[in-house]
Amino acid sequence: MSGFIIRGNIYHTPVIGSYEVREHAFLVCENGKCAGIYEELPDYYKDYPLTDYEDALIIPGMVDLHIHAPQFAFRGTGMDSELMTWLKEQTFPEEEKYADPDYAHLAYGIFAEKMKKSATTRAVIFATIHKEATIQLMELMEETGLISYVGKVNMDRDAPPALKEKGALFSTYDTIDWIDDVRTQYSFERTKPIITPRFIPCCSETLLDQLGEVRRLYDLPVQSHLSENPGEVELVHSLMPDTAFYGDGYDRFGLFGGEARTIMAHCTYSTKEEVERIRKNGVWVAHCPNSNMNLASGIAPIRRYLTRRIRVGLGSDVAGGQTESIFRAVTDAIQVSKLYWRYIDPKARPLAFCEAFYLATRGGGSFFGRVGSFTRGSAFDALVLDDSSDLHPQPMGVRERVERAFYLGLDTSGIIGKYVAGRKI
Ligand code: GUN
Ligand code: FE
């Protein structure tokens, strides 16, 4: 791969709590990476092909640290219950359908197409327990050009018969088969497997133990759910009464950070000890505010996590979340942080726009490496936004225009360019 240049109004947040604006600047891509931002283009780059986006906005691509592909079909419906009821009544009946490859192909095709058109450039995705359907999803995601991790889900208890794998060993062997197939029969460049125990209520200790072993063997990352909803937390406590806290139930099997690069979605009710373990083990928290509102789960104390230098990214958590829009996740994160500050903890200062923007880009992007800003050497993941159709009588700076694009949801109509690791989508 060689180099090219795009030009426009650049906004990014290399460091949390601040932002950089470069007006009408040249953003240089070399071998899929950012090579620099220039107001005056150095002679060295004069022969690189240039796309001038003129007055458009250029920002890093959005990272979705937590989304369920098989739930995309019913997003925006069945929102009148809490997590455990919602899983039984809405989610599991839909996920059962992915035993049928025709249904999976149709549904995952719709999902992948929507992801391609979205502001998301990288995603970490739950599939279902079904090996074939999971591979179909990986093939479709690979075709989108996005970079993603996809997990075949493991469940061996507390699920309807069609979604309960036939014992821990069956679930583990099927997972090994899936990993081997993905590694040997498919040459995915952009789509990688991730170990995905659904959550402790659906996974026996035997299964978690075996998955920890598989993880080590293949050196794969991990994703799961943690301390999302009061009823769920209580259930986990009764299932594993000897654990110090919910996350300890993953940690004792090597599925909670440390050598295992791990994302835990939600962390709404993490105890002090759990928060400390998250920090110590370098677990990424996937904050999913839209889902937390819809399922009446609560508000995750993100300011507390940021103060402790815990890694935090954003997740859409479709279909607990109603939309794949990470623009929406950014504004939701800010809005719930204001309610948290007002109603719960006056010391937890609300998130500023540039902080929530950081979570959506560099915060989640760090799970993928040097991703989420335009600093030299970062992956060239960029979005170009045309906000000119939303007229305004007054002059408006780049920072305000970016903020406005998020609040007005311009990711549905305003994306005129999308690049992932230097590749135009
Ligand atoms: N916990 C276990 N499974 C799920 C799921 O599918 N969605 C959410 N939001 N939480 C879960
Ligand atoms: Fe989830």
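The structure we're discussing is the one just above.
Quick summary incoming for the structure in this document. (Residues numbered from 1 in each chain as written. Chains lettered and ligands numbered in written order. Predicted model: local features only at pLDDT ≥ 70, side-chain atom pairs only at ≥ 80, totals over all residues. Heavy atoms only, no water.)

**With respect to unusual backbone geometry**
So the rule is basically this: Runs of H or I in DSSP of at least four residues are treated as helices and runs of E of at least two as strands, each being numbered from the N terminus.
The peptide bond linking V318 to A319 adopts the cis configuration, its omega dihedral lying at 10°. Along the chain, A319 turns up in the loop between β14 (311–314) and α11 (326–344). Despite not being glycine, D219 shows a phi value in the positive range, around 50°. With respect to the helices, strands and loops of the structure, D219 is situated in the loop between α5 (205–218) and β11 (222–226).

**Quick word on the site of ligand 1**
Put simply, the test is: Consider each residue's heavy atoms; a residue with any of them within 4 Å of a molecule or strand counts as near. For the purposes of these results, a polar contact is taken to be a pair of N or O atoms within 3.5 Å, where, inside protein, one atom must be able to donate a hydrogen and its partner to accept one; residues adjacent in sequence count only when each atom of the pair is a side-chain atom. Here the accessible surface of atoms and residues is derived via Shrake-Rupley with a 1.4 Å probe, and residues count as covered only by protein chains that are part of the display. Nonpolar residues are Ala, Val, Leu, Ile, Met, Phe, Trp, Tyr, Cys and Pro. Charged residues are Asp, Glu, Lys and Arg, and all others, Gly as well, are polar.
Taken together, the neighbourhood of ligand 1 is formed by H68, Q71, L83, W86, L87, R198, F199, H225, E228, H266, S291 and D317. Here E228 contributes a side-chain N or O atom positioned 2.7 Å from a nitrogen atom of ligand 1. Taking D317, its side chain carries an N or O atom lying 2.7 Å from a nitrogen atom of ligand 1. For ligand 1, whose accessible area on its own is 280 Å², the fraction buried by protein is 100%. Looking at side-chain class alone, the shell around ligand 1 contains four nonpolar, five polar and three charged residues.

**Quick word on the pattern of salt bridges**
This is how it is decided: In the sections that follow, a salt bridge refers to a side-chain nitrogen of Lys or Arg positioned within 4 Å of a carboxyl oxygen of Asp or Glu.
Summed over all chains, the structure comprises 25 salt bridges. D251 serves as the salt-bridge partner of R277, at 2.7 Å between the closest nitrogen and oxygen. Taken together, the residues span a long stretch of sequence, with R277 in helix α8 (residues 272–281) and D251 in helix α7 (residues 248–251) at a distance of 26 residues. Where salt bridges share partners, they join D242, D248, D251, R252 and R277 into one cluster.

**Considering the coordination of the iron ion (ligand 2)**
Convention followed: Distances define the donors: N, O and S atoms within 2.8 Å of the metal qualify, as do those within 3.2 Å of Na, K or Ca. Water is excluded, so some sites may look unfinished. Under the classification used here, a metal with four donors is tetrahedral if each angle lies between 85 and 135 degrees, square planar if opposite donors are over 155 degrees apart and the others between 65 and 115, a six-donor metal meeting that same test is octahedral, and anything else is irregular. Exposed residues in this analysis have more than 50% of their type's maximum accessible area, buried residues have under 20%, and partly exposed residues fall in between, with area computed by a 1.4 Å probe over protein chains only.
Of the protein atoms, only H66 (NE2), H68 (NE2), H225 (NE2) and D317 (OD) coordinate the iron ion (ligand 2), at distances of 2.0 to 2.3 Å. Geometry at the iron ion (ligand 2) is irregular, judged from its four donor atoms and the angles of 89 to 173° they form at the metal. Motif for the iron ion (ligand 2), donor spacing along one chain: H-x1-H-x156-H-x91-D. The class for H68 is buried, based on a relative accessible area of 3%.

**Looking at the packing of aromatic side chains**
Heads up, the condition is: Each pair of aromatic rings taken from Phe, Tyr and Trp, with Trp reduced to its six-membered ring, is defined by centres within 6.5 Å and is described as stacked if the planes are under 30 degrees apart, edge-to-face if over 60, and tilted in the remaining cases.
This model, assessed by the stated rule, comprises 24 aromatic pairs. With 5.7 Å between their ring centres and 90° between their planes, F380 and Y419 make a pair best called edge-to-face. Remark: Y419 occurs in strand β16 (residues 415–420) and F380 occurs in the loop between α12 (353–365) and β15 (382–385); sequence separation between them is 39 residues. Residue F380 shares its accessibility class with Y419, and that shared class is buried.

**Remarks on the packing of α11 against helix α13 (residues 398–407)**
Quick reminder of the rule: To get an axis, fit a line to the C-alpha atoms, keeping to the stretch in contact for a helix; angles then go from 0 to 180 degrees between the N-to-C directions. Throughout this description, any angle smaller than 35 degrees is read as roughly parallel, any larger than 145 degrees as roughly antiparallel, any in the 65 to 115 degree range as roughly perpendicular, and the remainder as oblique. Two residues qualify as a contact provided that any one of their heavy atoms is within 4.5 Å of a heavy atom in the partner residue.
Interhelical geometry of α11 versus α13 gives an angle of 95° and a closest axis separation of 8 Å. In terms of orientation, α11 and α13 fall into the roughly perpendicular class. Two secondary-structure elements touch here, α11 through F327, V330, T331, I334 and Q335 and α13 through A405, F406 and Y407. Residues of the contact of α11 with α13, tallied by class, amount to six nonpolar, two polar and no charged.

**Overview of the sheet that holds strand β1 (residues 3–12)**
Formally: Here, strands pair whenever DSSP counts at least two bridges between them.
With mixed pairing, seven strands are arranged side by side in an open sheet as β3-β2-β1-β4-β15-β16-β17. The open sheet is flanked by β3 (33–38) and β17 (423–424), the only strands paired with a single partner.

**Examining the sheet that holds strand β12 (residues 262–266)**
Note on sheets: strands pair through backbone hydrogen bonds, and any given pair is parallel or antiparallel. The four strands lie next to each other as β11-β12-β13-β14, forming an open sheet whose pairing is parallel. Taken across any chain shown, the strands that pair with only one partner, and hence form the sheet edges, are β11 and β14. Taking the axes of each pair of neighbouring strands and ignoring which way they run, one obtains an average angle of 30° across the sheet. Here β11 pairs with β12 via five bridges, running parallel. Each bridged residue has a counterpart across the sheet, and for Q223 the counterpart in β12 is I263.

Just distances and angles here, no functional claims.
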